[in-house]
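Single-letter residue listing:
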Amino acid sequence: MAVIDAKPFAYEFDPATTALIVIDMQRDFIEAGGFGASLGNDVTLLQAVVPATARLIAGFRAAGLPVIHTRECHRPDLSDCPPAKRTRGNPSLRIGDEGPMGRVLIAGEPGAEIVPDLAPAPGEYVVDKPGKGAFYATGLGDHLAGLGTRSLIFAGVTTEVCVQTTMREANDRGFACLLAEDATESYFPDFKAAAIEMIRAQGAIVGWTATTAQILEALDA
Ligand code: TIU
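Let us look at the structure shown here.

Brief notes about the overall build of the protein chain
Then, number 1: A count of helices and strands for the protein chain gives nine helices and ten strands.
Then, number 2: Taken against the 2.2 N^0.38 rule, which gives 17 Å for 221 residues, the C-alpha radius of gyration of the protein chain at 17 Å falls within 12% of a compact globule.
Then, number 3: Each of the 221 residues in the protein chain was classed as buried or not, and the buried ones make up 52%.
Then, number 4: For the protein chain, the share of sequence-separated contacts (at least 6 apart) that also reach a separation of at least 24 residues comes to 72%.
Then, number 5: Accessible surface, the protein chain as shown: approximately 9500 Å² in total, 54% of it carbon and sulfur.
Then, number 6: Across the protein chain, 18 positive and 28 negative side-chain charges occur, with their mean positions spaced 5 Å apart.

Next comes the structure, spelled out in structure tokens:
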């Protein structure tokens, strides 16, 4: 067993049954002209966690452990996009509209791709998901069951939306979840801080948190 001096207490895991999940590090959330920007957000905040996320991915690859990537996106005919999601609020571009990176949040369009620095390696599992959580309406649960995964390390964006939703889904499915604090980001720094607090409150009610350096050190040990 490996151990991380995590918060709120030590996180013990068997690397052989651990996977990394990188949530939605897509151009649509991280670059100008995408879905995140269309909602009125400052996307430059999210770019800051690309290097730490890249180090985490490299560490898992070097250890021969699974790296799983998710992408929030919809079918071109929008058949998997509930109208309640598409019509929500007053964005400058709606899901499916043509933007500078192609149609917003549509599978196969440039904006839906993962940023080049974090591109999936050949053979790595990529989950296209219509919701904020990565288990809803995807094959992720079956894939993890096939791998025998028990522990999940999380990175990606945004902390309080797709990362937290997926961690909660995973926690309910019996996975021991740990979030890399410096490899996740929100458009709202206060929301990131609050999400991290609520994940690890009440004796790790949703999961643990630790730094990328701590995680990599534990993998090396
Ligand atoms: N808007 C926002 O903060 N996030 C999302 O819509 N999706 C993800 O978090 N991936």
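Remarks on the layout of surface pockets
Then, number 1: Looking at the largest pocket, its volume works out to about 410 Å³.
Then, number 2: Lining the largest pocket are 23 residues, with F35, L39, E72, K132 and V161 positioned closest to its centre.
Then, number 3: Mapped by element, the contributors of at least two residues to the lining of the largest pocket are α2 (35–38), α5 (83–86) and α7 (159–172).
Then, number 4: Here the residues of the lining of the largest pocket are counted per class, giving twelve nonpolar, three polar and eight charged.

Regarding the pairing of strand β8 (residues 151–157)
Then, number 1: For β8, a buried count of seven out of seven residues is recorded, marking the element as mostly surrounded by other parts of the structure.
Then, number 2: Burial of β8 is two-sided: the residues S151, I153, A155 and V157 facing one way and the residues L152, F154 and G156 facing the other way are all buried.
Then, number 3: Bridge count for strand β3 (residues 18–23) against β8 is six bridges, and the pairing is parallel. Opposite L20, over in β8, you have I153 as the bridge partner.
Then, number 4: Pairing analysis gives six bridges linking β8 to strand β9 (residues 176–185), with the strands arranged parallel. Paired with F154 across the bridge in β9 is L179.
Then, number 5: Crossover β8 to β9 through α7 is right-handed.

Some words on the site of the ligand
Then, number 1: Around the ligand, the neighbouring residues are D24, F29, F35, L39, E72, K132, V157, T158, V161, C162 and Y187.
Then, number 2: Contacts to the ligand include T158, whose side-chain N or O atom sits 2.9 Å from an oxygen atom.
Then, number 3: C162 places a main-chain nitrogen or oxygen 3.2 Å from an oxygen atom of the ligand.
Then, number 4: The fraction of the free accessible surface of the ligand (280 Å²) that becomes covered by protein chains is 92%.
Then, number 5: Among the detected pockets, the ligand sits in the largest pocket.
Then, number 6: For the shell around the ligand, the residue count by class is seven nonpolar, one polar and three charged.

Here we look at the packing of aromatic side chains
Then, number 1: Scanning all chains against the criterion turns up six aromatic pairs.
Then, number 2: Between the aromatic rings of F29 and F35, the centroid separation amounts to 6.0 Å while the plane-to-plane angle is 90°, which identifies the pairing as edge-to-face. The residues F29 and F35 share a single accessibility class, namely buried.

Overview of the environment of G99
Then, number 1: As for its position among the elements, G99 is in strand β5 (residues 98–99).
Then, number 2: Along the sequence, G99 and G34 sit 65 residues apart, while their C-alpha atoms lie 7.2 Å from each other.

Examining the nonpolar core
Then, number 1: Counting 45 residues, the largest nonpolar core has I4, L56, F60, L178 and I215 as its most contacted members.
Then, number 2: Per-element accounting of this core gives the leading share, five residues, to helix α4 (residues 50–62).
Then, number 3: If sequence neighbours within four positions are ignored, I4 has contacts with A10, Y11, F13, L178, A210, Q214, I215 and A218.
Then, number 4: Counting 21 residues, the second-largest nonpolar core is a separate cluster that includes I23, I68, F135 and F175.

What counts, and where the lines are drawn
- Residues numbered from 1 in each chain as written.
- Predicted model: local features only at pLDDT ≥ 70, side-chain atom pairs only at ≥ 80, totals over all residues.
- Heavy atoms only, no water.
- Helix = DSSP H or I, 4+ residues; strand = E, 2+ residues; numbered from the N terminus.
- Rg over C-alpha atoms; globule rule 2.2 N^0.38 Å.
- Buried < 20%, exposed > 50% of the residue type's maximum accessible area, 1.4 Å probe, protein only.
- Contact = heavy atoms within 4.5 Å.
- Areas by Shrake-Rupley, 256 points an atom, 1.4 Å probe, with all protein chains shown as cover.
- Lys, Arg positive; Asp, Glu negative; His and termini not counted.
- Charge placed at Lys NZ, Arg CZ, Asp CG, Glu CD.
- 1 Å grid on protein atoms, 1.4 Å probe; cavity = no way out; pocket = protein on both sides within 12 Å on 5 of 7 lines; lining within 4 Å.
- Points joined across faces, edges and corners; volume = space filled by probe spheres on them.
- Nonpolar A, V, L, I, M, F, W, Y, C, P; charged D, E, K, R; others polar.
- Pairing = 2+ DSSP bridges.
- Right-handed = clockwise from strand over helix to strand, strands pointing away.
- Near = heavy atom within 4 Å.
- Polar contact = N/O pair within 3.5 Å; in protein donor to acceptor, adjacent residues only side chain to side chain.
- Sits in = over half its atoms within 2 Å of the grid points.
- Phe/Tyr/Trp six-rings, centres within 6.5 Å; stacked < 30°, edge-to-face > 60°.
- Core = buried A, V, L, I, M, F, W, Y, C linked by side-chain atoms within 4.5 Å.

Function cannot be inferred from these measures alone, as they are strictly geometric.
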